[in-house]
Each structure stands twice: as structure tokens, then as C-alpha cells.
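Residue-level listing of the chains:
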Amino acid sequence: MKYRSTRSSNGYGDLHSFEDVLFSPGYAKDGGLYVSDYIPQITEDQLNSWKDLKYPDVVRKILRLFTSEDELTENEIEGVVTSAFKDFEFPDKVIHLEKLDNSMYIAELFHGPTLAFKDLSLALLAKLLEIFLKKRGKDKHVTILVGTSGDTGPAAAHSVANLDRVNLVLLYPLNRVSKIQELQMLTIKAPNVHICSVEGNSDQLDEPIKECFQDEKFSAEHSLGSFNSIQWGRILLQAAHYVYIYLQCCPNIGDKICIVVPTGAAGNLAAGFLAHEMGFPIKLVATVNSNDILARTFKNGDYSPAPDVAASLAPAMDIQAPYNIERVLYFATHGDSMAVKNIMQDFEQSGKVKLSTDMLSAIHEVIAATVSVSDTDIVQAMQLCYSQYNYAVCPHTATAVSYCFNVKQHEKQVLVCLATASPAKFPEACEAAGLGLSTHPRVNRLKLETEISLPRHTFLRGQDWTSQLKGLILKI
């Protein structure tokens, strides 16, 4: 298996190994994102043989399909998967499926150490880095740059804390994450984790990170890498939970199910699209908060950001630059890299682009609907879910639940909402919904933590953030 850019001409571009892509800054030299050179197809016989697999076993299967034996042996894959989930609440099961009624499930993806679905892929990525760094020799290292809107940051910090030859520089938007998310970052005790608060929104803090990546000389000299969803490894590993959910929830192998995906940068959505392209009969619905660029893009082709990122009750989705739209376009066109390149270059030059009806039709074959959910609707969904099922959801999951409440009476199908984080991480939203405080032992322990550091670095509005970030990297 090899990898190439979404923009490589006619499918013929430089091919890269899985290791190359894992250690890359995420962006290819032509500005595209990495994807596999082909997508392995799963037959119905294979689907039936996978039916009773546990989640870790599904991850092993997916990793094997997308890596060659000469890069990762079976023993190495086994070791990576086993060690990655040791800190999870249920290391053998990992994902819990809560059946609310005969047609509606909640897939709890948040039983990792930071109570968010990002743990599922980042715990594995950190272990994969360790494997390949050992193979590269003692003088090799990597510096991971991460921008977070709330959940990626804590998961990244936890996954690499105290790892040899791995440094993490983490940027988060000041006053735009929940108190628990901030605590999860500021209580990390690891000399290789460098926390920076930024006086801006999550899209703005991504800009200096991207500029560092696009400085090819600087990026190569300092071995820069990414744990954001521009990193192909995130997409690949997140596809595993779609596979597992399908196998667990479909009434009969071959039947379609609908998975409702709360999304921000569209990485989780792209992973679902990848699973569909592999042959899993799933339909996707994307839900976003009031930052509705994805909804406008996929509904009527209006790919253009709003003037500003709106702060919402679902802060991890406060994004107006969902970079994985590029991978969605690539998968929807079955690898038409020239079409993707033209769209993305038009967008980068003008700041907006109109998708064709043919492109929208291709997207709608997999992503059946995309809806924007207001804070008011988020609160109402949280309240209704709790009153009707005695089940609390986080504000991000509530965007998916809101969709299900609106359609489940009209459609006879299995609906699975992805629960992307524990409600215990968002006491502000729970309070707004009148649910009281949702608790979790990990959050309770966190609140008792006395050693809380201030961000080591603060990037103030009006300063040259790229120079500041490069200066920090030079000091590491």
C-alpha cells in the first residue's frame, strides 16, 4: 500500500510509504492531503466473517489492509493495538453501544483517557510513532504541532506525554474551550508537551501551524508532524469505529444503517466516507453547530467561510475551515484528483467556490443530509434525550440527537448517533440544559488536581504568531 496527494495529476504523483505519511506535516508538497493509492474492498463474505470481532480486532484488520508487512509486522500491529487501549475504561471493548429504542443507538466513543473520541486514533498514532522511531535510530525525533478547538489537544497531550524523541507543541484558543478541556491540557506533567494559549479562534491558530508546515526547509530540519486530522493516520484509524458500529448494529449483514456524525474539521466524516468506499453499506448524516460552512457546502454547493467563527455550546465544532472537505471531494469523485485540485485552488485563490450539481450528487450518494443545529436546538435535544431516555449527551452529540429526533418518526431505519465526548467535559452546556452536573471519575480526579500550570506561552492578537511558533520550536 502506498499513499499520494489528493491533488496529484491524473493519479500519478509521488507515492509514499505509510511511515513517510505518518511523519509528514500532513500536507503534501502540492498542498493536497494524503490518501491511499487505492481503497481495499471488503466482500460480503469478509463482512460476515468480521461480524463478531471486538473493536481492537477491527483496528488490527484495518491497519493490516492499509500497511505492508515490510513496514508493520503482525506482531507489531498486535503490540500497538494492545498497548494503545490500556488506559481506556474497557480496554477489550473500547466502544459501548447504548440502545435508546428499537431504531436509535448511541455509539459511545468517549471511554478513553480524555473522554473524547480523539483518544481512539491518537492513542494508536502515538504507539505507531514509537515503533517507527525505534526503527529509525536513536538520533531521530519528531515535533508534533497541534491546533485544537477543544478535544484534540488533551488527547494529543495525553498520548505523547513523556515519550522519548517526541515533542508536542499545542495551541488552543483562549476562552473558547470548556473549563474541563483546558484543565486536561494544563495539568499534563510532561517536559515534552508545550502548551500555548492563543488570543483568537481555532481557525486563526491553525494559520501559523500551516505556515510552519509549508516552509519545507524549516519543516524538514525540525521533523515537524501533525496529529490534527490533516494526518492520514487519523482518518484511517477512525474508519475502524464505523466498521465496528456497522457490524454491531446492522440487522443483517448487507443491510444499510445511517450513522449521524457531529463534525467540525470533517475528519470523522471523511473516515466514514472511507469506510463506505471500502464496501460497508452505511449512509452518513453530518451535523454541525451554528458554524455552518459544511452544511452550506454539502446542501447547495456554497463552499465559503463565514466572516468569523461563532462561539457555541459545542466548542470542538467551532470551525469555519474544515480542511477534510478535500478528502470528501476526493472520495466522492472516486479519486478524480484534477477535479479536486481545481476546486481547492479556486477556493484558495478566491476564498469561495461553488460546487457543481454533479459533485453534489456524488457527495449525496453517501452523505444523505447535512444539518446546522443552533445552541437552542442543542439544549432542547439534551433535555429531550434526558427526559425521554434518562440519558445525558454532550453538546456535540446533541447535534446528532437533534437530527434523529426530527427524522426518526418518518424513516424506518437504524440510526446511530456518534457520541464524540462525555457530557462530563461540558458542565457549562449541561447547566444551560438544566441537567445538573454530569460527573465522571476522571473529571472528578481532574478537579482535585492541585498542580495546574499556566500556558507556557501566550500568543496575543496582533503579534507575529508564525515567528513566535518557529522561535518556540527552535528552543525545543
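Refer to the structure above for everything that follows.
Residues numbered from 1 in each chain as written. Predicted model: local features only at pLDDT ≥ 70, side-chain atom pairs only at ≥ 80, totals over all residues. Heavy atoms only, no water.

**Regarding the sheet that holds strand β8 (residues 224–226)**
Inclusion rule: Paired strands, in this sense, are two strands between which DSSP finds at least two bridges. Helix numbering and strand numbering both begin at the N terminus, where a helix is a DSSP run of H or I of at least 4 residues and a strand a DSSP run of E of at least 2. Note on method: axes are straight lines fitted to C-alpha atoms, helices fitted across the in-contact stretch only, with angles between N-to-C directions ranging 0 to 180 degrees.
Strand order in the open sheet formed by five strands is β8-β5-β6-β7-β15, with parallel pairing between adjacent strands. The two strands at the open ends of the sheet, each matched to only one other strand, are β8 and β15 (457–459). For this sheet the average axis-to-axis angle between neighbouring strands, irrespective of direction, equals 25°. The sheet contact formed by strand β6 (residues 166–173) and strand β7 (residues 193–198) spans six bridges and is parallel. The partner of Val169 across the bridge, within β7, is His194.

**Re the pattern of salt bridges**
What counts is decided by this rule: When a carboxyl oxygen of Asp or Glu is within 4 Å of a side-chain nitrogen of Lys or Arg, the pair counts as a salt bridge. For the exposure calls, accessible area comes from a 1.4 Å probe over protein chains only, and a residue counts as buried if that area is under 20% of its type's maximum, exposed if over 50%, partly exposed in between.
Inspection of every chain in the model, using the stated rule, returns 16 salt bridges. Between Glu19 and Arg136 there is a salt bridge, and its shortest N-O distance comes to 2.7 Å. Here Glu19, found in helix α1 (residues 18–22), pairs with Arg136, found in helix α5 (residues 118–136); they are 117 residues apart in sequence, far enough to count as distant. Accessibility expressed as a relative area gives 31% for Arg136, which makes it partly exposed. One continuous salt-bridge network, built from bridges that share partners, spans Arg7, Glu326 and Glu348.

**Structural notes on the nonpolar core**
Note the threshold: To define a nonpolar core, start from buried Ala, Val, Leu, Ile, Met, Phe, Trp, Tyr and Cys residues and group those joined through side-chain atoms within 4.5 Å. Contacts are residue-level and defined by heavy atoms, with any inter-residue pair within 4.5 Å sufficient.
Counting 120 residues, the largest nonpolar core has Trp232, Ile245, Ile257 and Ile259 as its most contacted members. Tallying contributions element by element places helix α10 (residues 232–249) first for this core, with 13 residues. Non-local contacts of Ile257, meaning those with residues more than four positions away in its chain, are made with Ile245, Tyr246, Cys249, Cys250, Pro251, Pro281, Ile282, Lys283, Val414 and Val416. Core analysis: the second largest hydrophobic core is formed by 36 residues, Met104, Val260, Ala314 and Cys385 among them.

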